[in-house]
Amino acid sequence: MTNPYDTASERMSVLPPSLKFKGELSAEEDLLIQGTVEGTIHHTQRVTVCEEGKVKANIRAQIIKVEGAVEGDLHADRSVFVSESGNLRGNIHAPSVSLVEGSHFNGTIDMDMKKGDGETRKSGQPAAKSNNRGQ
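All residue numbers refer to positions counted from 1 along the written sequence of the respective chain. Local features in this predicted model are restricted to residues whose pLDDT is 70 or higher, and side-chain atom pairs enter the listing and the counts only when it is 80 or higher, whereas totals over whole chains, interfaces and linings include all residues. Values shown for side chains rest on all heavy atoms present in the structure; no hydrogens or waters enter the calculation.

A.B. asks: What is the right way to read the overall build of the chain from this model?
C.D. replies: Scanning the chain from N- to C-terminus turns up zero helices and 13 strands. N-terminal to C-terminal, the α/β element order of the chain is β-β-β-β-β-β-β-β-β-β-β-β-β. Relative to its full complement of 135 residues, the chain shows a buried share of 35%. Any two residues whose heavy atoms approach within 4.5 Å are treated as being in contact. Here the contacts in the chain between residues at least 6 apart in sequence split such that 8% fall between residues at least 24 apart. Surface exposure of the chain reaches about 7900 Å², of which carbon and sulfur atoms provide 46%. Numbered from the N terminus, helices here are DSSP runs of H or I no shorter than four residues, and strands are runs of E no shorter than two. Residue exposure (1.4 Å probe, protein chains only): buried if accessible area is under 20% of the type maximum, exposed if over 50%, otherwise partly exposed. Areas reported as accessible are Shrake-Rupley estimates using a 1.4 Å probe. Residue values count occlusion only from the protein chains shown.

In structure tokens form, the structure reads like this:
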């Protein structure tokens with residue numbers, strides 16, 4: 001028998017556009033950010049920053065999707081996706097990274113997910129650097 005709470009729509013927290021949150025945010029379900037968040041975000045599932053969302057925080061989650069503005073480092077266990085409307089200023093640490101043409105990104109990307117984020121890769125080469133301006 002399947003768990004009735006396995007669908008994303010059943011297990012999602014939504015921070016609406018009128019909400020302004022400051023502090024440490026953590027939960028076990030997916031998170032949809034439409035408002036403003038400042039501090040730290042630690043989720044065990046998916047975090048989506050919507051187009052109208054503004055985040056000044058380091059984010060840790062399984063999957064992180066940036067459609068709005070984010071200033072901070074992203075640590076994803078599975079993937080990071082920055083959409084065409086996304087604007088990210090910070091470093092990405094994830095095994096899979098997608099930057100869509102038109103997105104804005106300023107920071108570094110580390111796709112080597114061994115322990116000790118921020119260290120150089122096995123080959124001795126530093127993590128990739130990117131300044132995608134969607135041109």
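A.B. asks: Help me out: how do you make sense of the side chain of Ser103 in this one?
C.D. replies: Mapped onto the elements, Ser103 comes out in the loop between strand 11 (97-99) and strand 12 (104-110). On the basis of relative accessible area, Ser103 is assigned to the buried category, the value being 0%.

A.B. asks: Whenever I open this one, the nonpolar core confuses me. Can you help?
C.D. replies: Across soluble globular proteins, nonpolar side chains show a tendency to be buried alongside one another. We define a nonpolar core as any set of buried Ala, Val, Leu, Ile, Met, Phe, Trp, Tyr and Cys residues linked to one another through side-chain atoms lying within 4.5 Å. Grouped together as the largest cluster of nonpolar side chains are 25 residues, with contacts concentrated most on Ile33, Ile41, Val55 and Ile59. Counting residues per element, the ones that place at least two in this core are strand 3 (30-33), strand 4 (36-43), strand 5 (46-49), strand 6 (54-66), strand 8 (74-82) and strand 12. The greatest single-element share of this core, amounting to six residues, is contributed by strand 6.

A.B. asks: Help me out: how do you make sense of the environment of Ile59 in this one?
C.D. replies: Relative to the helices and strands, Ile59 resides in strand 6. The buried category is assigned to Ile59, whose relative accessible area is 1%. The spatial distance from the C-alpha of Ile59 to the C-alpha of Ile41 is 4.7 Å, given a sequence separation of 18 residues. The contact partners of Ile59, leaving out residues within four places of it in the chain, are Ile41, Val47, Val49, Ile64, Val70, Asp73, Leu74 and His75.

A.B. asks: Mind showing me how you'd approach the pattern of salt bridges here?
C.D. replies: Between side chains of opposite charge, a pair can form when the charged atoms approach closely. What counts as a salt bridge is simple: a side-chain nitrogen of Lys or Arg found within 4 Å of a carboxyl oxygen of Asp or Glu. Inspection of every chain in the model, using the stated rule, returns one salt bridge. Linking Glu67 and Lys65 is a salt bridge whose minimum nitrogen-to-oxygen distance equals 3.3 Å.

A.B. asks: Could you clarify how one ought to interpret a negative patch on the surface in this entry?
C.D. replies: Patch rule: a residue counts if its relative accessible area is over 30% and it has no salt bridge; like charges are joined within 9 Å, and nonpolar side chains (Val, Leu, Ile, Met, Phe, Trp, Tyr) within 5 Å. Positive charges come from Lys and Arg alone, negative charges from Asp and Glu alone, with His and the N- and C-terminal ends not counted. To locate a charge, take NZ of a lysine, CZ of an arginine, CG of an aspartate or CD of a glutamate. Taken together, the side chains of Glu51, Glu52, Glu84 and Glu101 make up a negatively charged region of the molecular surface. Relative to the helices and strands, Glu52 resides in the loop between strand 5 and strand 6.

A.B. asks: I would appreciate a short explanation of the environment of Gly102 in the present structure.
C.D. replies: Note on placement: Gly102 falls in the loop between strand 11 and strand 12. Residues Gly102 and Glu84 lie 18 residues apart in sequence; the distance between their C-alpha atoms is 4.7 Å.

A.B. asks: Mind showing me how you'd approach the side chain of Ser83 here?
C.D. replies: For Ser83, the position within the fold is in the loop between strand 8 and strand 9 (87-89). Residue classification places Ser83 among the buried residues on the basis of a relative accessible area of 10%. Not counting residues up to four positions away in its chain, the partners in contact with Ser83 are Val66, Glu67, Val100 and Ser103.

By themselves, these figures tell us nothing about what the structure is for.
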